[in-house]
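Here's the letter readout for the chains.
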Amino acid sequence: MDRLQNSFMSIDQVKDLYLNREGQSKKTENTNELSFRQILEKKQEAQYEIQGVTFSKHASDRLASRNINLNEEQLQRLNEAVQQAKEKSIQESLVMMDNIAFIVNIKNNTVITAMDQEMNESNVFTNIDGAVIV
């Protein structure tokens, strides 16, 4: 008992000495971890990179009925165009690529409809707030 009384003035000093050391080691361990927000953002970016744009049933039917087949390079360019529209805060975009017009819901990364220039006689597009030409 004399030994403790000589070393420490109060229980608070003991608590501070030992508990702060544990707290410091926990802090250094946690600094290497990512925050929830960072993990969520990385997950969303990875999901975008894997999935890219999706095609609604209507768009898939239009592509099939109009014999429009997209290769990997075209899909990549379409994804890049959607990313550009997203950076400009466009909600519904017209994406023109290789004489094919896509109406894309940017928020959902979904192609709503698609048509080639030969099938579209009027060349009028409605309900869009931006266009990307690639």
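Details of the structure are given in the entry above.
Everything quoted here is computed from the prediction, not taken from an experiment. (Residues numbered from 1 in each chain as written. Predicted model: local features only at pLDDT ≥ 70, side-chain atom pairs only at ≥ 80, totals over all residues. Heavy atoms only, no water.)

A. Here's a closer look at the overall build of the protein. Scanning the protein from N- to C-terminus turns up five helices and five strands. When the helices and strands of the protein are read in sequence order from the N terminus, they spell out α-α-α-β-α-α-β-β-β-β. Looking at the protein residue by residue over its 134 residues, the buried ones come to 26%. Counting only contacts in the protein whose residues sit at least 6 apart along the sequence, the fraction spanning at least 24 positions is 57%. (Helix = DSSP H or I, 4+ residues; strand = E, 2+ residues; numbered from the N terminus. Buried < 20%, exposed > 50% of the residue type's maximum accessible area, 1.4 Å probe, protein only. Contact = heavy atoms within 4.5 Å.)

B. Looking closely at the environment of N127. Locating N127 in the fold gives a position in the loop between β4 (110-116) and β5 (130-133). For the pair N127 and I103, spaced 24 residues apart in sequence, the C-alpha separation works out to 9.2 Å.

C. The side chain of D116, seen in detail. Secondary-structure assignment places D116 in strand β4. Among buried charged residues, D116 stands out as having no salt bridge; its nearest opposite-charge side chain is R66, 5.8 Å away. (Lys, Arg positive; Asp, Glu negative; His and termini not counted. Salt bridge = Lys/Arg side-chain N within 4 Å of Asp/Glu carboxyl O.)

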